Amino acid sequence: MSEQNCLVANDWVCGEYLRTRSQELVDATVQHVGITVASVAIGVLIAFPLALLARHRRAFAGPVLGLTTVFYSIPSLAMFSLLLPLFGLSVSLVVTGLVLYSLTILVRNILAGLQAVPDEAREAARGMGYGPVRLLWEVELPLALPALLAGMRIATVSTVALTTVGAIVDYGGLGTLILDGLDSDFKAQVLTASVLCVLLAILADLLLLGVQRWLTPWTRVSVRKSRGVRIRATADAVETRTPEKVA
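Residues numbered from 1 in each chain as written. Predicted model: local features only at pLDDT ≥ 70, side-chain atom pairs only at ≥ 80, totals over all residues. Heavy atoms only, no water.

Some details on the nonpolar core
One broad trend across soluble globular proteins is that nonpolar side chains are buried collectively. As a reminder of what qualifies: By convention a nonpolar core is built from buried Ala, Val, Leu, Ile, Met, Phe, Trp, Tyr and Cys residues, the set being connected through side-chain atoms within 4.5 Å. Exposure is judged per residue with a 1.4 Å probe applied to protein chains only, and the accessible area is read against the type maximum: over 50% gives exposed, under 20% gives buried, and values in between give partly exposed. The way it works is that DSSP assigns letters per residue, a run of H or I at least four long becomes a helix, a run of E at least two long becomes a strand, and they are numbered from the N terminus. The contact criterion used throughout is that any non-hydrogen atoms of two residues lie within 4.5 Å.
Core analysis: the largest hydrophobic core is formed by 39 residues, its most contacted members being Ile 110 and Met 152. Secondary structure elements with two or more residues in this core: helix 3 (22-56), helix 4 (58-73), helix 5 (76-87), helix 6 (91-115) and helix 8 (132-163). At 14 residues, the largest contribution of residues to this core is made by helix 6. Once residues within four sequence positions are removed from consideration, Ile 110 is found in contact with Ala 47, Phe 48, Ala 51 and Leu 148.

Remarks on the packing of helix 7 (residues 119-127) against helix 8
Two numbers describe a pair of packed helices, the interaxial angle and the distance between the axes. Keep this limit in mind: Every axis corresponds to a line fitted to the C-alpha atoms, with the helix fit spanning only the stretch in contact, and the corresponding angles, defined between N-to-C directions, vary from 0 to 180 degrees. When describing relative orientation, an angle under 35 degrees is termed roughly parallel and one over 145 degrees roughly antiparallel, while 65 to 115 degrees is termed roughly perpendicular and anything else oblique. By definition, turning the near helix anticlockwise from the far helix through less than a right angle yields a left-handed crossing, and turning it clockwise yields a right-handed one.
The interhelical angle for the contact between helix 7 and helix 8, taken along N-to-C directions, is 160 degrees, at an axis separation of 11 Å. The angle between the axes of helix 7 and helix 8 places the two elements in the roughly antiparallel class. When the axes of helix 7 and helix 8 are compared, the crossing they make is right-handed. Seen from helix 7, the contacting residues are Ala 121, Arg 122, Ala 125 and Arg 126; seen from helix 8, they are Leu 135, Val 139, Glu 140 and Leu 143.

Some remarks on helix 5
Condition: To estimate how far a helix should reach, multiply one less than its number of residues by 1.5 Å. This arc describes the spread of directions from the helix axis toward the C-beta atoms.
Look at helix 5: 15 Å from first C-alpha to last across 12 residues, which is about the 16 Å you get at 1.5 Å a residue. Within helix 5, burial applies to Ser 76, Met 79, Phe 80 and Leu 83. Looking down the long axis of helix 5, one finds its buried residues gathered within 90 degrees of arc, a one-sided arrangement. Pointing more than 90 degrees away from the buried face of helix 5 are the exposed residues Leu 77, Leu 82 and Pro 85. Buried residues in helix 5 make contact with helix 4 and helix 6. Trailing helix 5 by a residue or two, Gly 88 shows a phi angle of about 70 degrees, which is positive.

Observations concerning a nonpolar patch on the surface
Rules: Note that patches include only residues with greater than 30% relative accessible area and no salt bridge, and the join distances are 9 Å for like charges and 5 Å for nonpolar side chains (Val, Leu, Ile, Met, Phe, Trp, Tyr). Note on areas: these come from Shrake-Rupley sampling with a 1.4 Å probe, and a residue is covered only by the protein chains present in the view. Salt bridges are counted wherever a side-chain nitrogen of Lys or Arg sits within 4 Å of a carboxyl oxygen of Asp or Glu.
A grouping of Trp 12, Val 13, Leu 191, Val 195, Val 198, Leu 199, Ile 202, Leu 203 and Leu 206 is seen on the molecular surface, where their side chains present a nonpolar patch of about 850 Å² in accessible area. Note that Leu 203 resides in helix 10 (residues 187-215).

Describing the pattern of salt bridges
Under the counting rule described, the total for this entry stands at 8 salt bridges. Arg 122 is the salt-bridge partner of Glu 140, the closest N and O atoms lying 2.5 Å from each other. Taken as a pair, Glu 140 in helix 8 and Arg 122 in helix 7 lie far apart in primary sequence, 18 residues in all. The salt bridge involving Arg 126 is made with Glu 123; its shortest N-O contact spans 3.2 Å. Separated by 3 residues within a single helix, Arg 126 and Glu 123 lie in helix 7, roughly one turn from each other. Several salt bridges converge on common partners, so that one network encompasses Arg 55, Asp 119, Arg 122 and Glu 140.

A few points about helix 9 (residues 174-184)
Within helix 9, burial applies to Leu 174, Gly 175, Thr 176, Leu 177, Ile 178 and Gly 181. Check the buried side of helix 9 and you find it contacts helix 3 and helix 10.

What follows is the structure in structure tokens.
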């Protein structure tokens, strides 16, 4: 009886709300995840050639990085308003805005990863007969994966948060529930949707972290080796400073 009364009492925590509105929560979560995945995936597809252009043509590096930074600096409401004449009140409006926001993070991280590839690795690959395309896909891209995936993690978490702004056009996933709950002072809906949004961001970050560790096992090996070197160096220093025992 108390759980049923929590809706009437408008409590922040209400089990009856979860039971009666479960399908609504599932639908909003699915929409939130779909918008996030589509935005980040399209962002990567656009950011990768832009990063390659900025690396190979230094004259384009400044304009590319500057333009993506300008996109990121535009407030979300203003961004959606500028895109409204092109896409109308649709999910494409939200996805396009989120793609533009993700570019500054993705382009910079992909470019930084490619630039960090050692020249020795490139020269060795060329000496083995690798052409530009094979060099990129089999040497440079694998070595740039840590930076690329780190950028994807940041872009994904920020996109999960920014997707909620899409509630202003009724395509905000969990953000739509949050906005409706605020308008109607429905506390349980506001809290539940907010918690789910935070959990989505955490789960997405952990998932991409797992993918990063799986695809880049050599980074874990290098970390363990560096830790081992530091431990051995510390042990040697302690032994050096310890006075010898007098027989």
